[in-house]
Amino acid sequence: MRYLHQMTLPLLLVAPVALFGVSVGCADAELSVYSDVPVEEEGGEAEGPNGAPQIVAVNATNGRVEPNGKCELQCEAVDPDGDGLAFTWFASQGDVLGSGPKVVWRAPEREALYRVSVLVEDGRGGASEGSVYVQVKANTVPVIHELSSDADRVLFEKSIFIRCDSTDPDTDEVSHEWEATGGEFFGHGANVIWVAPAQPGSYLITVRVSDGYGGEVQKTLPIVVTYREPPQLARPEVEAASQGLLKQVGDAWMVMKGNTCIVTCEVLNGHGPFTYEWTASQGHIASEGNEARWKAPDERMSVDITVRVTDAYGATSMASVLLYVATCTCDF
């Protein structure tokens, strides 16, 4: 006699990591198994826990910027899951221009140390935050106190020692870049050796001093290369044409913008008659003989005024003077 046509036997198997159920049908001898363990789909992997983005670095191209100036900021970040990342920048002061991992921050007018932050999100709830500090401070250009050499003339293919004495009001580290209209430099920094070319004549030695924050000043030193002694020149003298503001700063001069100065050059020794050629790196200059009148431009800058003196035999000497153009009477 058959008492049971169909029987279902639930089986519970307890394991540390899964729960299973089994169902058996006698009529068709089917066995079904179910589990709460995630099963890998064909062609893919089971999704694991999300990893938050990791910020490698947040950098500013310049750690110091002028008031209302701009600097570039960059955030380097990675995501352990390979997710695409979104960057949100914010600052308590100033303006963030642009979007993404690289933006520009426009500084406020007030001098201070500012923090700019960035939030990095992966779109799946993972986020990290980083920041960078930028100093807002007005920069003061370096000052060249003196550019000098062992002598103002040298025989062809001989060498002389040239030195630049400069300081920076902000105590920034400065760099020196040397140029010449001829000859060759050896060494670097504030002191160099210059080897004169084989061709006699007047040559200009220029040094450019930079502080790395946009402040730059330059000064030119004339050197005569000769077979014999050229005219010997005194240092050019500078005086105000009227009641203009003018003061001496070391071996240079400071003049108020728009003011006119009179520059004169005296020949101490040589064979006349002499001819004079005056030039100025900026501003307007007019000359007659050993005297020149120069009008300062309306912007703050440094200007070299140079005179080339030629004697009766064609030998030349050069002299120059450096002038700083001020835009505020407080500089006097």
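Refer to the structure above for everything that follows.
For the structure given in this document, a descriptive report is provided here. (Residues numbered from 1 in each chain as written. Predicted model: local features only at pLDDT ≥ 70, side-chain atom pairs only at ≥ 80, totals over all residues. Heavy atoms only, no water.)

## Notes on the overall build of the protein chain
A count of helical and extended segments in the protein chain gives zero helices and 30 strands. Put simply, the protein chain has 332 residues, and 36% of those count as buried. For the protein chain, the share of sequence-separated contacts (at least 6 apart) that also reach a separation of at least 24 residues comes to 60%. Within the structure as shown, the protein chain displays about 19,200 Å² of accessible surface, and the carbon and sulfur contribution to it stands at 49%. (Helix = DSSP H or I, 4+ residues; strand = E, 2+ residues; numbered from the N terminus. Buried < 20%, exposed > 50% of the residue type's maximum accessible area, 1.4 Å probe, protein only. Contact = heavy atoms within 4.5 Å. Areas by Shrake-Rupley, 256 points an atom, 1.4 Å probe, with all protein chains shown as cover.)

## Some thoughts on the nonpolar core
Side chains of a nonpolar character, in soluble globular proteins, are inclined to be buried together. Counting 23 residues, the largest nonpolar core has Ile162, Trp178 and Trp194 as the members making the most contacts within it. Mapped by element, the contributors of at least two residues to this core are β12 (143–149), β14 (159–167), β17 (191–195), β18 (201–210), β19 (216–226), β23 (252–256) and β30 (316–326). Those residues within four positions of tryptophan 178 in sequence are excluded, and the remaining contacts are Leu147, Ile162, Arg163, Cys164, Phe185, Gly189, Ala190, Val192, Ile205, Thr206 and Val207. Val238, Cys265, Val303 and Val309 belong to the second largest nonpolar core, which has 20 residues in total. (Core = buried A, V, L, I, M, F, W, Y, C linked by side-chain atoms within 4.5 Å.)

## Topic: a negative patch on the surface
Taken together, the side chains of Glu237, Glu239, Glu266, Glu288 and Glu291 present a region of like negative charge at the surface. One can find glutamate 266 in the loop between β24 (260–264) and β25 (267–269). (Patch = residues over 30% accessible without salt bridge, like charges linked within 9 Å, V, L, I, M, F, W, Y side chains within 5 Å. Salt bridge = Lys/Arg side-chain N within 4 Å of Asp/Glu carboxyl O. Lys, Arg positive; Asp, Glu negative; His and termini not counted. Charge placed at Lys NZ, Arg CZ, Asp CG, Glu CD.)

## What about the pairing of strand β6 (residues 70–78)?
Inspection of the sheet shows strand β4 (residues 54–60) paired to β6 by six bridges, in the antiparallel sense. Paired with valine 58 across the two strands is cysteine 75, which belongs to β6. The sheet contact formed by β6 and strand β9 (residues 102–106) spans five bridges and is antiparallel. If you follow glutamate 72 over to β9, its bridge partner there is valine 104. (Pairing = 2+ DSSP bridges.)

## Some details on the packing of aromatic side chains
In this structure the tally under the stated criterion is three aromatic pairs. Arranged with centres 5.9 Å apart and planes meeting at 50°, the rings of tryptophan 105 and tyrosine 114 form a pair that is tilted. On the basis of relative accessible area, tryptophan 105 is assigned to the buried category, the value being 0%. Centre to centre, the rings of tryptophan 194 and tyrosine 203 are 6.2 Å apart; their planes meet at 55°, and the pair counts as tilted. In this arrangement the basic side chain of arginine 64 is found over the ring face of tyrosine 213, its NZ or CZ atom lying 3.8 Å from the centre. (Phe/Tyr/Trp six-rings, centres within 6.5 Å; stacked < 30°, edge-to-face > 60°. Lys NZ or Arg CZ within 6 Å of the ring centre and 35° of its normal.)

## Considerations on the sheet that holds strand β27 (residues 284–288)
Strands sit in the order β21-β24-β28-β27 across an open sheet of four strands; the sheet is antiparallel. One side of each edge strand has no neighbouring strand; the edge strands of this open sheet are β21 (237–240) and β27. Pairwise comparison of adjacent strand axes, ignoring direction, gives a mean angle of 25° for this sheet. Relative to strand β28 (residues 291–295), β24 runs antiparallel, the two being bridged by five bridges. By the bridge assignment, threonine 264 is partnered in β28 with glutamate 291. (Axes fitted to C-alpha atoms, helices over the stretch in contact; angles between N-to-C directions.)

## Quick word on the pattern of salt bridges
Pairs can form between side chains of opposite charge whenever their charged atoms are close. Here the structure, examined in full by the defined rule, presents 13 salt bridges. Across the salt bridge formed by aspartate 170 and lysine 137, the nearest N and O atoms sit 3.2 Å from each other. Here the residue aspartate 170 occupies a position in the loop between β14 and β15 (175–180), and lysine 137 occupies one in the loop between β11 (127–136) and β12, the gap between them amounting to 33 residues. Accessibility expressed as a relative area gives 16% for aspartate 170, which makes it buried.

## Remarks on unusual backbone geometry
In this structure, the amide linkage connecting glycine 272 to the following residue, proline 273, adopts the cis form with an omega of 5°. For proline 273, the position within the fold is in the loop between β25 and β26 (275–280). Here the phi dihedral of threonine 171 falls at roughly 60°; this positive angle occurs in a residue that is not glycine.

## Overview of the side chain of histidine 176
Locating histidine 176 in the fold gives a position in strand β15. A polar contact of 3.5 Å, which involves the side chain of histidine 176, links it to the side chain of serine 166. Beyond its immediate chain neighbours, meaning those up to four positions away, histidine 176 contacts Cys164, Ser166, Gly189, Ala190, Val207, Arg208 and Val209. (Polar contact = N/O pair within 3.5 Å; in protein donor to acceptor, adjacent residues only side chain to side chain.)

## Some thoughts on the sheet that holds strand β29 (residues 301–310)
The strand order β22-β23-β30-β29-β26 describes an open sheet built from five strands, whose pairing is mixed. Each having just a single partner strand, β22 (246–249) and β26 make up the two edges of the open sheet. Averaged over all pairs of adjacent strands, the angle between their axes in this sheet comes to 25°, without regard to strand direction. When β29 meets β30, the two strands line up antiparallel, connected through ten bridges. Bridge pairing in β30 places threonine 310 opposite threonine 316.

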